[in-house]
Amino acid sequence: MQETIALVTGAAGGIGEAIVRLLAERGARVAAVDLDADRVEALAAALGAKGLEVTGFAADVRSSASVEALVERVERELGPVEYLVNAAGVLRLGEARALTDADWESTLAVNATGVFHVSRAVVNRMVDRGRGAIVTVASNAAGTARADMAAYAASKAAATAFTKCLGLEVAHHGIRCNVVAPGSTDTPMLHGMHSDGAAAAASVAGDPQHYRVGIPLRKVAVPQDIARSVAFLLSGEAGHITMHELTVDGGATLG
Ligand code: NAD
């Protein structure tokens, strides 16, 4: 991974931070991107103090103009992006029939359209260079019905389908596009679902009211579990893997 430039969105979040840290520890120079400028700057400073090469960038993945300016700036300041990780995301819980237009649109804007904006901006540059790897962090909710998750699941299914179609179209340019589909992972997003311990406990034990079977491995993931899977799919070790969806959920979707 020496001298590899990686761009990670959602970098100030639980999973994004773990991905930034792991890629940097493995020798990549990382553009850590988030809507939250203060948190991403603080992350870059903290990791920089440990000798890791991480630069913070503020951008809003909902805006194609913001994303185009971001990618242009990252390539000008750091160099050609070889790895892209789409990890920015939002979760709005609510029964499908009670969702507002704003709930639906704001979820799709980040989780689906955001993946489109960033992937398009980066992949066109990758095509010119004939190499690159993209991983989208979607969700096991994309393929498994659950109460209160209609907007989120729909957005993640869109991101998954987009990433796989993109992978087909750019495979002959030497670019691989894969999806990591986490289940419950110990981050601020999970804590936001219920009070702290309750979300993790409900995930592990199962919750018939929300059509959750529980987690056969009996624990929620830590962000590093997701980061290791992302790093694997980016790396040469996964050099013959593309358009794949790797579920990392302790068996929660039963296969
Ligand atoms: P998190 O809430 O800790 O982090 C999400 C990050 O995305 C935040 O730092 C936020 O500022 C950023 N973000 C939101 N909107 C943005 C925008 N418009 N532009 C740029 N950045 C934006 O969540 P997390 O748990 O670390 O989730 C990371 C990814 O993993 C998300 O895509 C999420 O849907 C997915 N995921 C999480 C879980 C889980 O249980 N935590 C499970 C499955 C999938």
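You'll find the structure just up there.
Thresholds applied
- Residues numbered from 1 in each chain as written.
- Predicted model: local features only at pLDDT ≥ 70, side-chain atom pairs only at ≥ 80, totals over all residues.
- Heavy atoms only, no water.
- Buried < 20%, exposed > 50% of the residue type's maximum accessible area, 1.4 Å probe, protein only.
- Helix = DSSP H or I, 4+ residues; strand = E, 2+ residues; numbered from the N terminus.
- Pairing = 2+ DSSP bridges.
- Right-handed = clockwise from strand over helix to strand, strands pointing away.
- Salt bridge = Lys/Arg side-chain N within 4 Å of Asp/Glu carboxyl O.
- Expected span 1.5 Å × (residues − 1).
- Arc of directions from axis to C-beta.
- Contact = heavy atoms within 4.5 Å.
- Near = heavy atom within 4 Å.
- Polar contact = N/O pair within 3.5 Å; in protein donor to acceptor, adjacent residues only side chain to side chain.
- Areas by Shrake-Rupley, 256 points an atom, 1.4 Å probe, with all protein chains shown as cover.
- Nonpolar A, V, L, I, M, F, W, Y, C, P; charged D, E, K, R; others polar.
- Phe/Tyr/Trp six-rings, centres within 6.5 Å; stacked < 30°, edge-to-face > 60°.

A. Local environment of the pairing of strand β2 (residues 29–34). The element β2 is largely enclosed, with a buried count of five among its six residues. Bridging between strand β1 (residues 5–9) and β2 involves five bridges; their strand directions are parallel. Along β2, the bridge assignment pairs T9 with V33. Note on the crossover from β1 through helix α1 (residues 14–25) to β2: the handedness is right-handed. As paired strands, β2 and strand β3 (residues 54–58) are joined by five bridges and run parallel to one another. Residue pairing for β3: A31 is matched across the bridge by T55. With helix α2 (residues 37–48) bridging β2 and the parallel β3, this β-α-β connection has right-handed handedness.

B. Structural detail: the pattern of salt bridges. Within the structure shown, the criterion is met by 13 salt bridges. Salt-bridge contacts for R29 lead to E53; the nearest nitrogen and oxygen are separated by 3.3 Å. Linking R29 in strand β2 with E53 in the loop between α2 and β3, this pair joins segments that are 24 residues apart in sequence. Taking the relative accessible area as the measure of exposure, E53 reaches 45% and is therefore partly exposed. The salt bridge involving R39 is made with D36; its shortest N-O contact spans 3.1 Å.

C. Spotlight on helix α3 (residues 64–77). Over its 14 residues, α3 extends 20 Å from the first C-alpha to the last, a length consistent with the 20 Å expected when each residue adds 1.5 Å. Among the residues making up α3, those that are buried are V67, L70, V71, V74 and E75. In an axial view of α3, the angular spread of the buried residues amounts to 120°, which keeps them on one side of the axis. Of the exposed residues in α3, those oriented more than 90 degrees away from the buried face are A65 and R76. On its buried face, α3 is in contact with β1, β2, β3 and α4 (101–129). G79 sits one or two residues past α3 and shows a positive phi near 125°.

D. Representation of the site of the ligand. Around the ligand sit 29 residues in total, of which I15, D34, Y152, K156 and T187 are the nearest. Note that a nitrogen atom of the ligand is positioned 2.9 Å from one of the side-chain N or O atoms of D60. Here an oxygen atom of the ligand sits 3.5 Å away from a polar atom, N or O, in the main chain of G89. Burial of the ligand by the surrounding chains reaches 92%, relative to a free accessible area of 820 Å². Of the residues contributing to the shell around the ligand, the split by class is 15 nonpolar, nine polar and five charged.

E. Fine view of the environment of A145. In this structure, A145 sits in the loop between β5 (132–137) and α5 (150–170). Separated by 66 residues in sequence, A145 and Y211 place their C-alpha atoms 7.6 Å apart.

F. Layout of unusual backbone geometry. A positive phi is found at R218, a non-glycine position, where the angle reads about 65°. Among the structural elements, R218 can be located in the loop between α7 (196–205) and α8 (223–234). Its relative accessible area of 52% is what places R218 among the exposed residues. Its identity as a non-glycine residue notwithstanding, M243 has a phi of 60°, on the positive side. For M243, the location among the structural elements is in the loop between α8 and β7 (245–248).

G. The arrangement of the packing of aromatic side chains in detail. Scanning the entire structure with this criterion turns up one aromatic pair. Seen from their ring centres, F116 and F162 are 5.7 Å apart, and the 85° between their planes marks the pair as edge-to-face. Of this pair, F116 sits in helix α4 while F162 sits in helix α5, and the two are 46 residues apart along the sequence. The partly exposed category is assigned to F162, whose relative accessible area is 25%.

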